[in-house]
Amino acid sequence: MANFEPKIVGFLCNWCTYAGADLAGTSRIQYPPNIRAIRVMCSGSVDSVYILRALLEGADGVFIGGCHPGDCHYVSGNYKERRRITVLKSLGLDDGRVWIRWVSASEGKRYADSISEMTSYLKRLGPNPVSKYWSL
Amino acid sequence: MKKEVVIEVKDAKAKEAINSFLESLLEKNLVSALLVPREVPSKDNVVQSLMTNYNGLKEVNVISPVLPVSSAGIISEMTRLSSYKNPVGVVLRSCEIRALIELVKLKQASLDNLLIIGVDCLGTYSVSDYQNLCKQGNSPSDELLRKFKEGGEDTKLRKACQVCEYPIPSNADLVIGLIGVDFEKNILLKSCTEKGEKILEKFSFPEFNQSKREESVSKYISKKIEKRDTLFSEMKEETSGGWENLLSVFSTCINCHNCMRVCPICYCRECFFESPTFEFDSEKYLMWAERKGSIKMPRDTTLFHLGRMSHMATSCVGCGLCEQACPSNIPLLKIFKTVSYNVQQIFKYVPGRDLEEPLPLTTFKEDELRSVGEE
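Quick caveat: nothing in here was measured; it's all calculated off a predicted structure. (Residues numbered from 1 in each chain as written. Chains lettered and ligands numbered in written order. Predicted model: local features only at pLDDT ≥ 70, side-chain atom pairs only at ≥ 80, totals over all residues. Heavy atoms only, no water.)

Visitor: Summarise the overall build of chain A; cite the residues concerned and give the values.
Guide: A tally of helices and strands in chain A yields 4 helices and 4 strands. Moving toward the C terminus, one meets the helices and strands of chain A in the order β-α-β-α-β-α-β-α. Taking the contacts inside chain A whose residues are at least 6 apart along the sequence as the reference set, 82% of them involve residues at least 24 apart. Between the averaged position of the 17 positive side-chain charges in chain A and that of its 12 negative side-chain charges there is a distance of 1 Å. (Helix = DSSP H or I, 4+ residues; strand = E, 2+ residues; numbered from the N terminus. Contact = heavy atoms within 4.5 Å. Lys, Arg positive; Asp, Glu negative; His and termini not counted. Charge placed at Lys NZ, Arg CZ, Asp CG, Glu CD.)

Visitor: Hey, could you go over the side chain of glutamate 165 of chain B for me, with residue numbers and the actual values?
Guide: Residues and elements named next belong to chain B. Positionally, glutamate 165 belongs in the loop between α6 (159-162) and β6 (174-177). Residue class for glutamate 165 comes out buried when judged on its relative accessible area of 9%. Of note is the side chain of glutamate 165, whose polar atom sits 2.9 Å from the side chain of arginine 228. The residues touching glutamate 165, leaving out its near neighbours within four places in the chain, are Ile221, Lys224, Ile225, Arg228 and Lys337. (Buried < 20%, exposed > 50% of the residue type's maximum accessible area, 1.4 Å probe, protein only. Polar contact = N/O pair within 3.5 Å; in protein donor to acceptor, adjacent residues only side chain to side chain.)

Visitor: Provide a residue-level description of the interface of chain B and chain A, including the pertinent values.
Guide: How big an interface is tends to be reported as the loss of accessible area on association of its parts. Contacts between chain B and chain A engage 45 residues on the former and 31 residues on the latter. Buried area between chain B and chain A, both sides added, is near 3900 Å², and the carbon and sulfur share of it is 62%. The interface formed by chain B and chain A holds 3 salt bridges in total. Where glutamate 57 of chain A meets arginine 291 of chain B, a salt bridge forms, and the shortest distance between an N and an O atom there is 2.9 Å. The tally of links between chain B and chain A comes to 17 residue pairs in polar contact (both at pLDDT 80 or more). Looking at the side of chain B that touches chain A, the elements that each hand over two or more residues are α9 (243-248), α11 (282-292), α12 (301-312) and α14 (332-346) of chain B. With 8 residues, the single largest contributor to the side of chain B that touches chain A is α12 of chain B. Taken together, the residues that form the side of chain B that touches chain A break down as 21 nonpolar, 12 polar and 12 charged. (Buried area = accessible area lost by both parts, 1.4 Å probe. Salt bridge = Lys/Arg side-chain N within 4 Å of Asp/Glu carboxyl O. Nonpolar A, V, L, I, M, F, W, Y, C, P; charged D, E, K, R; others polar.)

Visitor: Which residues make up the sheet that holds strand β4 (residues 98-102) of chain A, and what values go with them?
Guide: Residue and element names in this part refer to chain A. The parallel open sheet is built from 4 strands, whose spatial order is β2-β1-β3-β4. Edge positions in the open sheet fall to β2 (35-40) and β4, since each of these has one partner strand only. Across the sheet, the mean angle separating the axes of adjacent strands is 20 degrees when strand polarity is ignored. Alignment of strand β1 (residues 8-13) against strand β3 (residues 61-66), held across 5 bridges, turns out to be parallel. Bridge assignment links glycine 10 to a residue of β3, and that residue is phenylalanine 63. (Pairing = 2+ DSSP bridges. Axes fitted to C-alpha atoms, helices over the stretch in contact; angles between N-to-C directions.)

Visitor: Mind laying out a nonpolar patch on the surface, listing which residues take part and the relevant values?
Guide: Residue and element names in this part refer to chain A. On the surface, Trp15, Met41 and Tyr74 cluster together into a nonpolar patch covering about 290 Å² of accessible area. Relative to the helices and strands, tryptophan 15 resides in the loop between β1 and α1 (17-26). Tryptophan 15 sits in the partly exposed class, given a relative accessible area of 35%. (Patch = residues over 30% accessible without salt bridge, like charges linked within 9 Å, V, L, I, M, F, W, Y side chains within 5 Å. Areas by Shrake-Rupley, 256 points an atom, 1.4 Å probe, with all protein chains shown as cover.)

Visitor: Quick rundown of unusual backbone geometry? Include the residues and the values.
Guide: In this structure, proline 298 of chain B follows methionine 297 of chain B across a cis peptide bond, with omega equal to -10 degrees. Residue placement: proline 298 of chain B occurs in the loop between α11 and α12. The backbone phi angle of arginine 28 of chain A is positive, close to 60 degrees, even though this residue is not glycine. Mapped onto the fold, arginine 28 of chain A is located in the loop between α1 and β2. If you check the backbone angles, leucine 369 of chain B has positive phi at about 45 degrees while not being a glycine. As for its position among the elements, leucine 369 of chain B is in the segment after α14. Residue leucine 369 of chain B is classed as partly exposed on the basis of its relative accessible area of 22%.

Visitor: For the sheet that holds strand β4 (residues 88-92) of chain B, give the residues involved together with the corresponding values.
Guide: Residues and elements named next belong to chain B. Read from one edge of the open sheet, 7 strands run β1-β7-β6-β5-β4-β2-β3, paired in mixed fashion. A single partner strand is all that each edge strand has here, and the edge strands are β1 (3-8) and β3 (46-51). Sheet twist, expressed as the mean angle between neighbouring strand axes with direction ignored, is 25 degrees. For strand β2 (residues 33-39) and β4, the ladder comprises 3 bridges, and the chain directions are parallel.

Visitor: Quick rundown of the state of the cysteines? Include the residues and the values.
Guide: Evaluated as defined, the whole model comprises 1 disulfide over all chains. The partner cysteine of cysteine 16 of chain A in its disulfide is cysteine 67 of chain A, sulfur to sulfur 2.4 Å. On the S-S bond that ties cysteine 16 of chain A to cysteine 67 of chain A, the torsion sits near 100 degrees, and the link is right-handed. Taken together, the residues cysteine 16 of chain A in the loop between β1 and α1 and cysteine 67 of chain A in the loop between β3 and α3 (77-89) connect sequence positions 51 residues apart. The class of cysteine 16 of chain A is buried, set by a relative accessible area of 9%. Judged by its relative accessible area of 3%, cysteine 67 of chain A is buried. In this model cysteine 256 of chain B remains outside any disulfide bridge; the closest cysteine sulfur is found in cysteine 326 of chain B, 6.4 Å from its own. Looking at the unpaired cysteine 322 of chain B, the closest cysteine sulfur is the one in cysteine 319 of chain B, lying at 6.3 Å. (Disulfide = S-S within 2.5 Å.)

Visitor: Quick rundown of the nonpolar core? Include the residues and the values.
Guide: Counting residues in each nonpolar core, the largest one holds 81 residues, and the members touching the most others are Ile51 and Ile64 of chain A together with Leu100 of chain B. For this core, the leading source of residues is helix α3 (residues 94-105) of chain B, giving 7 residues. The residues touching isoleucine 64 of chain A, leaving out its near neighbours within four places in the chain, are Phe11, Ser43, Val46, Ile51, Glu81, Ile85, Val98, Trp99, Ile100 and Arg101 of chain A. Residues Ile7, Leu115, Leu133 and Leu144 of chain B belong to the second largest nonpolar core, which totals 45 residues. (Core = buried A, V, L, I, M, F, W, Y, C linked by side-chain atoms within 4.5 Å.)

What follows is the structure in structure tokens.
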């Protein structure tokens, strides 16, 4: 397990976290390359099905990045996503593989730190067992 | 607004007494039509029927213990494009009214000019059990009333009904009461809204004066809650092994989507899971199979159930029609009822309780769930 590299699917909001990730890059902040970023217009557009699908396909983690509460470009998308994630986590499947973080466009460091933190957490947790279930 | 009267029952024939009340609703022109459960000519099942005159009212049986379909969906079909100009009476069980309220909030139905007549629900049998009872020559409704009167548990009832904590209709204009009422002699008729009261004014039924109703109702409900909690702890035990135990339950799903079609809450005209998103290249299947060694076909059945659950759990009324419609005997009621209850508790939301309460996923509070996203 020493060289297990978790695969993280990232859904990053166009207005904050994606720009934050960009800033992390242009500021040359180092962070693990384990995240595969997908740009979405708003964290509120990330339906639970996208998250479930990534996990059932064997992703080791899903990261959702949105604007800080109160800063949503569409006023309330992140508040609604916050509720949706809460519903998703109460389906009884939560073992810490779904992370949501508010990262603004100016928080390149926070983005890099979040990804580092999540990567090392998943390394400790090990591979997503679902990736081996054939009967789903 | 609350007015309680009795419909007198002759020769212990509860069904006939209720039907004569329904007949006079049409006769007095208080409603222009009635949506009611009616026995089919073969007598071994019941369908919803929209009646504008009272020919055939004899076959109407609003206490028939079977629920092939939720009338909430039927009312949605009838009122989605426009609402009624003249009053239409709809006779519903508690789960159907609660689902209807959710559909109105989802903008899929209109309550305008509907006269909602709720009936106390003593539970329903699965369609096949109901048919078997009929074949044995018994009237399932009489049997159920008799068993209820004796106070016995009927373990043949659908699981959903055995654990249902809402036997009494809420949000109805009129309620036909059976629980805590000596229904061989009298049936309770109660108005809960102004609309309902206006109807009762047109009749001269005697006052209801049996005080034991409330006590019996709360006793009955607490028995149901006990059973519900047993179901919850069963579920907790079965899924304590984590992901695999819960997910393997959906392995036998044949992807027929019956559960989605009968679900009164699943309202999408075009389901995401039936969209071209789930049409793949032939090679893609091989790629998946290679990755896991083998994959189960049809694919994506677990995703379908979990996805559906995450979409409708906030509004699930626990009618259990999903389980009744499942050809693979997946214990959907147990899973959906438990998960939905937990989800609804988070938002202190009870589906069907109040038309004014917004749906949890369409609203938010700024100062809630503060810890999410801030770790």
